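For reference, the chains in residue letters:
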Amino acid sequence: MKKVLFIDACITNNEMSRTRMLCEAYLEKYYSAGNTDVAVETLVLENQIMQPLMTEKLAERSKMIEAGRLDHPMFGLAREFAEADVIVIGAPYWDLSFPSILKIYIGNIMVNTLTFRYGDHGQEGLCKAEKLVYITTAGGYIGDRNHGYNYVKDIANTLGIMDTQFISAEGLDIAENDAMAILQEKIQTL
């Protein structure tokens, strides 16, 4: 069975999240495209207990890595990410990128010897995912300021995931635009 990890960084933890609506539509289309032997695991970042990596936490983490204790609970998110076959990240376009909780999550999954390692030629990715899909919605237009996706794509490549896809519904908060019509049109083209 193929494991799809849906990383929900939508922040608005209710049914009104436009980004979550787009993600759910994508996942539904993924199933209906013949991918029936799939288990989707949803990770709502807002519900996770994560901390930014600061001095004390980094020191503890380094000791665990050096001791080979990758089974420690602090590496649970990284193990889950490394073992997924497909990764879908849903994050609204905020402040030219994404909500800060996604950055904290990424900091927690970047674990040397678990999701990547240093080999003879630099960093080598250890994640088994064949694809990462980044889904976002934006009140305005992203244009050439797609810092969120570009960052996530670089992280994915570092972790060994070379196939990435960007899906967005944009211009949702512009006064003359019909946000739901834009969203529905995007859903139809998934």
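Computed from a predicted structure; not experimentally measured.

(A) Structural view of the overall build of the protein chain. Summing up its helical and strand segments, the protein chain has six helices and seven strands in all. Put simply, the protein chain runs from its N terminus to its C terminus through helices and strands in the order β-α-β-α-α-β-α-β-β-β-α-β-α. A compact globule built from 190 residues should have a C-alpha radius of gyration of about 16 Å, and the protein chain, at 17 Å, falls within 12% of that. If you line up the protein chain on its principal axes, its C-alpha atoms span 55 × 40 × 35 Å. Within the protein chain, the proportion of its 190 residues that are buried is 44%. Treating the 17 positive side-chain charges of the protein chain as one cloud and the 26 negative ones as another, the clouds have centres 4 Å apart.

(B) Quick look at the pairing of strand β3 (residues 86-90). Among the five residues of β3, five are classified as buried, and the element is accordingly described as predominantly covered. Side-chain alternation along β3 places V86, V88 and G90 on one buried face and I87 and I89 on a second face that is also buried. Across five bridges, the pairing between β3 and strand β6 (residues 131-137) is parallel. In the sheet register, V88 faces β6, and the bridge partner there is V133.

(C) The arrangement of helix α4 (residues 100-109) in detail. Across the 10 residues of α4, seven count as buried, placing the element largely inside the fold. Among all positions of α4, only I101, L102, Y105, I106, G107, N108 and I109 are buried.

(D) View of helix α1 (residues 18-32). Compared with an ideal rise of 1.5 Å per residue, which puts 15 residues at 21 Å, α1 spans 21 Å between its outermost C-alpha atoms and is within 8% of the ideal. Taken together, the buried positions of α1 are occupied by T19, R20, L22, C23, A25, Y26, L27 and Y30. In the core, the buried residues of α1 are packed alongside β1 (2-8), β2 (38-44), β3, β6, β7 (164-169) and α6 (179-188). Following α1 by one or two positions, G34 adopts a phi angle in the positive range, close to 95 degrees.

(E) Structural detail: the nonpolar core. Membership of the largest hydrophobic core comes to 37 residues, with the highest contact counts inside it found for F81, I87, L102 and Y105. The set of elements that each furnish at least two residues to this core consists of β1, α3 (76-83), β3, α4, β6 and α5 (147-158). Core analysis: the second largest hydrophobic core is formed by 19 residues, C23, Y30, I167 and L172 among them.

(F) Region of the structure containing the pairing of strand β4 (residues 116-119). Of the pairings in the sheet, the one linking β4 to strand β5 (residues 122-125) comprises four bridges and is antiparallel in character. Its bridge partner being in β5, F116 is matched across the sheet by G125. Linkage of β4 to β5, two consecutive antiparallel strands, is achieved through a turn of two residues.

(G) Representation of the state of the cysteines within the structure. The full count for this structure, using the stated rule, is zero disulfides. Not part of a disulfide, C23 finds its nearest cysteine sulfur in C10, a span of 4.9 Å. Here C127 stays unpaired: no disulfide links it, and the sulfur of C23, its closest cysteine neighbor, is 20 Å away. Judged by relative accessible area, which is 8%, C127 ranks as buried.

Analysis parameters
- Residues numbered from 1 in each chain as written.
- Predicted model: local features only at pLDDT ≥ 70, side-chain atom pairs only at ≥ 80, totals over all residues.
- Heavy atoms only, no water.
- Helix = DSSP H or I, 4+ residues; strand = E, 2+ residues; numbered from the N terminus.
- Rg over C-alpha atoms; globule rule 2.2 N^0.38 Å.
- Buried < 20%, exposed > 50% of the residue type's maximum accessible area, 1.4 Å probe, protein only.
- Lys, Arg positive; Asp, Glu negative; His and termini not counted.
- Charge placed at Lys NZ, Arg CZ, Asp CG, Glu CD.
- Pairing = 2+ DSSP bridges.
- Expected span 1.5 Å × (residues − 1).
- Contact = heavy atoms within 4.5 Å.
- Core = buried A, V, L, I, M, F, W, Y, C linked by side-chain atoms within 4.5 Å.
- Disulfide = S-S within 2.5 Å.

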